[in-house]
Amino acid sequence: EAGVAQSPRYKIIEKRQSVAFWCNPISGHATLYWYQQILGQGPKLLIQFQNNGVVDDSQLPKDRFSAERLKGVDSTLKIQPAKLEDSAVYLCASSLQTSYEQYFGPGTRLTVT
Amino acid sequence: KQEVTQIPAALSVPEGENLVLNCSFTDSAIYNLQWFRQDPGKGLTSLLLIQSSQREQTSGRLNASLDKSSGRSTLYIAASQPGDSATYLCAPSGNDMRFGAGTRLTVKP
(Lines give C-alpha, C1' and ligand atoms only; values in the text may rest on other atoms or scores of the structure.)
Protein backbone atom coordinates (compact mmCIF):
# COMPACT_ATOMS: atom_id res chain seq x y z
CA GLU A 1 0.00 0.00 0.00
CA ALA A 2 1.44 3.36 -1.03
CA GLY A 3 1.84 5.91 1.71
CA VAL A 4 1.01 9.61 1.80
CA ALA A 5 2.89 11.47 -0.92
CA GLN A 6 3.98 15.10 -0.69
CA SER A 7 5.82 17.42 -3.02
CA PRO A 8 8.06 19.26 -3.19
CA ARG A 9 10.28 17.99 -0.38
CA TYR A 10 12.14 21.28 -0.04
CA LYS A 11 11.35 24.85 -1.05
CA ILE A 12 13.21 28.10 -0.57
CA ILE A 13 11.44 31.37 -1.36
CA GLU A 14 11.77 35.04 -0.52
CA LYS A 15 9.28 36.79 1.72
CA ARG A 16 6.18 38.09 -0.01
CA GLN A 17 6.41 35.36 -2.67
CA SER A 18 3.79 32.64 -2.98
CA VAL A 19 4.22 28.89 -2.66
CA ALA A 20 2.05 25.79 -3.02
CA PHE A 21 2.36 22.32 -1.56
CA TRP A 22 0.72 19.16 -2.86
CA CYS A 23 -0.49 16.08 -0.99
CA ASN A 24 -1.83 12.76 -2.23
CA PRO A 25 -3.34 10.73 0.64
CA ILE A 26 -3.56 6.97 1.00
CA SER A 27 -6.17 5.57 -1.36
CA GLY A 28 -9.59 5.38 0.25
CA HIS A 29 -8.80 7.74 3.12
CA ALA A 30 -11.63 10.20 3.56
CA THR A 31 -9.90 12.50 6.04
CA LEU A 32 -6.91 14.66 5.16
CA TYR A 33 -4.93 16.93 7.48
CA TRP A 34 -2.38 19.68 6.95
CA TYR A 35 -0.01 20.48 9.81
CA GLN A 36 2.68 23.09 10.33
CA GLN A 37 5.69 22.02 12.40
CA ILE A 38 8.13 24.68 13.54
CA LEU A 39 11.55 23.48 14.63
CA GLY A 40 11.47 22.11 18.17
CA GLN A 41 7.68 22.05 18.41
CA GLY A 42 4.95 19.52 17.83
CA PRO A 43 2.83 19.72 14.68
CA LYS A 44 0.02 22.28 14.68
CA LEU A 45 -3.17 21.42 12.80
CA LEU A 46 -3.88 23.97 10.07
CA ILE A 47 -6.86 22.39 8.34
CA GLN A 48 -8.77 19.11 8.31
CA PHE A 49 -10.87 17.87 5.39
CA GLN A 50 -13.51 15.18 5.42
CA ASN A 51 -13.87 14.25 1.75
CA ASN A 52 -14.31 17.67 0.05
CA GLY A 53 -15.52 19.53 3.10
CA VAL A 54 -13.59 21.44 5.74
CA VAL A 55 -14.02 20.05 9.27
CA ASP A 56 -11.62 22.34 11.15
CA ASP A 57 -9.65 25.34 9.93
CA SER A 58 -9.63 27.29 13.19
CA GLN A 59 -5.82 27.62 13.23
CA LEU A 60 -5.37 28.44 9.56
CA PRO A 61 -4.18 32.05 9.00
CA LYS A 62 -6.82 32.72 6.39
CA ASP A 63 -5.41 36.09 5.33
CA ARG A 64 -2.47 34.31 3.70
CA PHE A 65 -3.09 30.56 3.76
CA SER A 66 -5.61 28.65 1.66
CA ALA A 67 -6.23 24.99 1.02
CA GLU A 68 -8.46 22.91 -1.18
CA ARG A 69 -9.19 19.28 -1.72
CA LEU A 70 -10.54 18.61 -5.16
CA LYS A 71 -12.75 15.55 -5.68
CA GLY A 72 -11.98 14.39 -2.15
CA VAL A 73 -8.53 13.07 -3.07
CA ASP A 74 -5.49 15.30 -3.65
CA SER A 75 -5.04 18.51 -1.75
CA THR A 76 -3.01 21.69 -2.14
CA LEU A 77 -1.96 24.17 0.52
CA LYS A 78 -0.99 27.67 -0.60
CA ILE A 79 0.72 30.56 1.14
CA GLN A 80 0.45 34.01 -0.39
CA PRO A 81 2.32 36.16 0.52
CA ALA A 82 4.87 34.26 2.62
CA LYS A 83 6.40 35.70 5.79
CA LEU A 84 9.65 34.78 7.52
CA GLU A 85 7.71 33.08 10.33
CA ASP A 86 6.19 30.65 7.82
CA SER A 87 9.51 28.81 7.70
CA ALA A 88 8.58 25.33 8.91
CA VAL A 89 7.89 21.78 7.80
CA TYR A 90 4.42 21.29 6.32
CA LEU A 91 3.09 17.83 6.97
CA CYS A 92 0.16 16.11 5.34
CA ALA A 93 -1.62 13.18 6.96
CA SER A 94 -4.62 11.03 6.12
CA SER A 95 -6.92 8.61 7.90
CA LEU A 96 -9.82 6.38 6.92
CA GLN A 97 -12.23 8.60 8.83
CA THR A 98 -12.01 11.36 11.42
CA SER A 99 -10.36 10.18 14.67
CA TYR A 100 -8.97 7.03 13.08
CA GLU A 101 -5.23 6.31 12.98
CA GLN A 102 -3.33 8.99 11.07
CA TYR A 103 -0.58 8.29 8.55
CA PHE A 104 1.89 11.01 7.69
CA GLY A 105 3.78 11.96 4.58
CA PRO A 106 7.49 12.94 4.61
CA GLY A 107 6.72 16.67 4.76
CA THR A 108 7.82 19.74 2.83
CA ARG A 109 10.52 21.88 4.41
CA LEU A 110 9.88 25.56 3.60
CA THR A 111 12.50 28.22 4.13
CA VAL A 112 11.45 31.86 3.71
CA THR A 113 14.36 34.31 3.36
CA LYS B 1 -8.85 24.17 24.05
CA GLN B 2 -6.71 21.06 24.51
CA GLU B 3 -3.25 21.55 26.02
CA VAL B 4 -0.74 18.70 25.77
CA THR B 5 2.43 18.43 27.85
CA GLN B 6 5.19 15.87 27.44
CA ILE B 7 7.75 15.21 30.14
CA PRO B 8 10.69 14.98 29.99
CA ALA B 9 11.58 17.16 27.01
CA ALA B 10 14.76 15.14 26.49
CA LEU B 11 16.07 11.85 27.82
CA SER B 12 19.38 10.05 27.41
CA VAL B 13 19.76 6.44 28.54
CA PRO B 14 22.23 3.60 28.04
CA GLU B 15 21.22 0.75 25.78
CA GLY B 16 19.12 -1.93 27.45
CA GLU B 17 17.29 0.29 29.91
CA ASN B 18 13.51 0.30 30.29
CA LEU B 19 12.03 3.79 30.14
CA VAL B 20 8.77 5.68 30.45
CA LEU B 21 7.66 8.74 28.51
CA ASN B 22 4.82 10.83 29.88
CA CYS B 23 2.00 12.72 28.19
CA SER B 24 -0.66 14.78 29.96
CA PHE B 25 -3.65 16.56 28.45
CA THR B 26 -6.25 18.94 29.82
CA ASP B 27 -9.44 17.90 28.02
CA SER B 28 -10.45 14.31 28.79
CA ALA B 29 -13.20 14.28 26.14
CA ILE B 30 -11.10 12.40 23.59
CA TYR B 31 -11.85 9.63 21.10
CA ASN B 32 -8.37 8.17 21.18
CA LEU B 33 -4.71 8.97 21.75
CA GLN B 34 -1.94 8.23 19.31
CA TRP B 35 1.80 7.91 19.93
CA PHE B 36 4.23 8.71 17.11
CA ARG B 37 7.96 8.70 16.58
CA GLN B 38 9.75 11.23 14.43
CA ASP B 39 13.28 10.79 13.13
CA PRO B 40 15.27 13.93 12.25
CA GLY B 41 14.10 15.44 8.97
CA LYS B 42 11.36 12.87 8.54
CA GLY B 43 7.60 12.66 8.90
CA LEU B 44 5.79 11.00 11.79
CA THR B 45 5.45 7.24 12.13
CA SER B 46 2.47 5.91 14.06
CA LEU B 47 3.45 3.62 16.93
CA LEU B 48 0.26 2.93 18.85
CA LEU B 49 -3.31 4.15 18.95
CA ILE B 50 -5.37 3.70 22.12
CA GLN B 51 -9.14 4.09 21.90
CA SER B 52 -10.78 6.06 24.70
CA SER B 53 -12.43 2.86 25.97
CA GLN B 54 -9.08 1.05 26.27
CA ARG B 55 -6.59 1.16 29.12
CA GLU B 56 -3.51 0.04 27.21
CA GLN B 57 -2.11 -1.12 23.90
CA THR B 58 1.01 -3.14 23.16
CA SER B 59 3.23 -3.54 20.13
CA GLY B 60 6.48 -5.45 20.49
CA ARG B 61 8.65 -3.69 23.07
CA LEU B 62 6.23 -0.78 23.31
CA ASN B 63 3.34 -0.48 25.73
CA ALA B 64 1.09 2.57 25.95
CA SER B 65 -1.41 3.19 28.72
CA LEU B 66 -4.25 5.67 28.93
CA ASP B 67 -6.01 7.12 31.96
CA LYS B 68 -8.57 9.39 30.37
CA SER B 69 -10.09 10.62 33.61
CA SER B 70 -6.79 11.97 34.89
CA GLY B 71 -5.63 13.15 31.46
CA ARG B 72 -2.51 11.00 31.31
CA SER B 73 -0.84 8.56 28.98
CA THR B 74 2.50 6.81 29.24
CA LEU B 75 4.66 5.10 26.65
CA TYR B 76 6.83 2.32 28.06
CA ILE B 77 9.82 1.14 26.01
CA ALA B 78 11.42 -2.09 27.14
CA ALA B 79 15.06 -2.99 26.57
CA SER B 80 15.88 0.21 24.69
CA GLN B 81 18.13 0.08 21.62
CA PRO B 82 20.13 2.77 19.78
CA GLY B 83 17.59 2.49 16.94
CA ASP B 84 14.93 3.79 19.32
CA SER B 85 16.63 7.20 19.31
CA ALA B 86 14.06 9.66 17.98
CA THR B 87 11.49 12.20 19.13
CA TYR B 88 8.30 10.69 20.54
CA LEU B 89 5.07 12.65 20.24
CA CYS B 90 1.63 12.05 21.72
CA ALA B 91 -1.61 13.35 20.20
CA PRO B 92 -4.99 13.09 21.91
CA SER B 93 -7.83 13.32 19.40
CA GLY B 94 -11.07 14.92 20.52
CA ASN B 95 -12.94 18.00 19.38
CA ASP B 96 -9.58 19.23 18.16
CA MET B 97 -6.29 17.56 17.36
CA ARG B 98 -3.32 18.66 19.43
CA PHE B 99 0.24 17.41 19.66
CA GLY B 100 2.70 17.63 22.50
CA ALA B 101 6.14 19.13 21.83
CA GLY B 102 7.66 15.67 22.15
CA THR B 103 10.36 13.87 24.13
CA ARG B 104 13.72 13.61 22.39
CA LEU B 105 15.16 10.21 23.28
CA THR B 106 18.81 9.23 22.86
CA VAL B 107 19.84 5.64 23.52
CA LYS B 108 23.60 5.30 23.85
CA PRO B 109 25.35 2.07 22.80
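Relevant structure appears above.
Attention here is on the structure that accompanies the text. (Residues numbered from 1 in each chain as written. Chains lettered and ligands numbered in written order. Predicted model: local features only at pLDDT ≥ 70, side-chain atom pairs only at ≥ 80, totals over all residues. Heavy atoms only, no water.)

## Quick look at the side chain of Q6 of chain A
Within the secondary structure, Q6 of chain A sits in strand β1 (residues 5–7). Only 3.0 Å separates the side chain of Q6 of chain A from the backbone oxygen of Y90 of chain A, close enough to count as a polar contact. (Helix = DSSP H or I, 4+ residues; strand = E, 2+ residues; numbered from the N terminus. Polar contact = N/O pair within 3.5 Å; in protein donor to acceptor, adjacent residues only side chain to side chain.)

## A closer look at the state of the cysteines
In this structure the tally under the stated criterion is two disulfides over all chains. The disulfide partner of C23 of chain A is C92 of chain A, and the gap between their sulfur atoms is 1.9 Å. On the sign convention where negative is left-handed, the bridge of C23 of chain A and C92 of chain A, at about -70 degrees about the S-S bond, is left-handed. Pair noted here: C23 of chain A is in strand β3 (residues 19–24) and C92 of chain A is in strand β9 (residues 88–95), with a separation of 69 residues, a long-range link. The same class applies to C23 of chain A and to C92 of chain A, which are both buried. Residue pairing for C23 of chain B: its cysteine sulfur links by disulfide to C90 of chain B, the two sulfurs lying 2.0 Å apart. Handedness of the C23 of chain B-C90 of chain B disulfide follows from its S-S torsion of about 75 degrees: it is right-handed. Separated by 67 residues along the polypeptide, C23 of chain B in strand β3 (residues 19–25) and C90 of chain B in strand β9 (residues 86–94) bring together distant segments of the chain. (Disulfide = S-S within 2.5 Å. Buried < 20%, exposed > 50% of the residue type's maximum accessible area, 1.4 Å probe, protein only.)

## Topic: the pairing of strand β11 (residues 108–112) of chain A
Consecutive residues of a regular strand have side chains that alternate between opposite faces of the sheet. Residue and element names in this part refer to chain A. Side-chain alternation along β11 places T108, L110 and V112 on a buried face and R109 and T111 on a face that remains uncovered. Both strand β2 (residues 10–13) and β11 contribute to a ladder of four bridges, which runs parallel. In the sheet register, I12 faces β11, and the bridge partner there is T111. Direction of pairing for β9 relative to β11: antiparallel, over a ladder of three bridges. If you follow V89 over to β11, its bridge partner there is R109. (Pairing = 2+ DSSP bridges.)

## Details of the interface of chain B and chain A
Taken together, the contact between chain B and chain A spans 19 residues of the former and 19 residues of the latter. On inspection of chain B and its partner chain A, the count reaches zero salt bridges. One can count three residue pairs in polar contact (both at pLDDT 80 or more) joining chain B with chain A. When contributions to the side of chain B that touches chain A are tallied by element, the ones reaching two or more residues are β4 (30–38), β5 (44–51) and β9 of chain B. Looking at the side of chain B that touches chain A, the element that brings in the most residues is β4 of chain B, giving five residues. (Contact = heavy atoms within 4.5 Å. Salt bridge = Lys/Arg side-chain N within 4 Å of Asp/Glu carboxyl O.)

## Quick notes on the pairing of strand β10 (residues 103–108) of chain B
All names here are of chain B. Judged by which residues are buried, β10 turns out to be one-sided: T103, L105 and V107 face inward and are buried, whereas R104, T106 and K108, on the alternate face, are not. Relative to β10, strand β2 (residues 10–14) runs parallel, the two being bridged by five bridges. Bridge assignment links P14 to a residue of β10, and that residue is K108. Sheet analysis places β9 next to β10, joined by three bridges and oriented antiparallel. Looking at β10, one finds that Y88 is bridged to T103.

Purely geometric numbers; function is a separate question.
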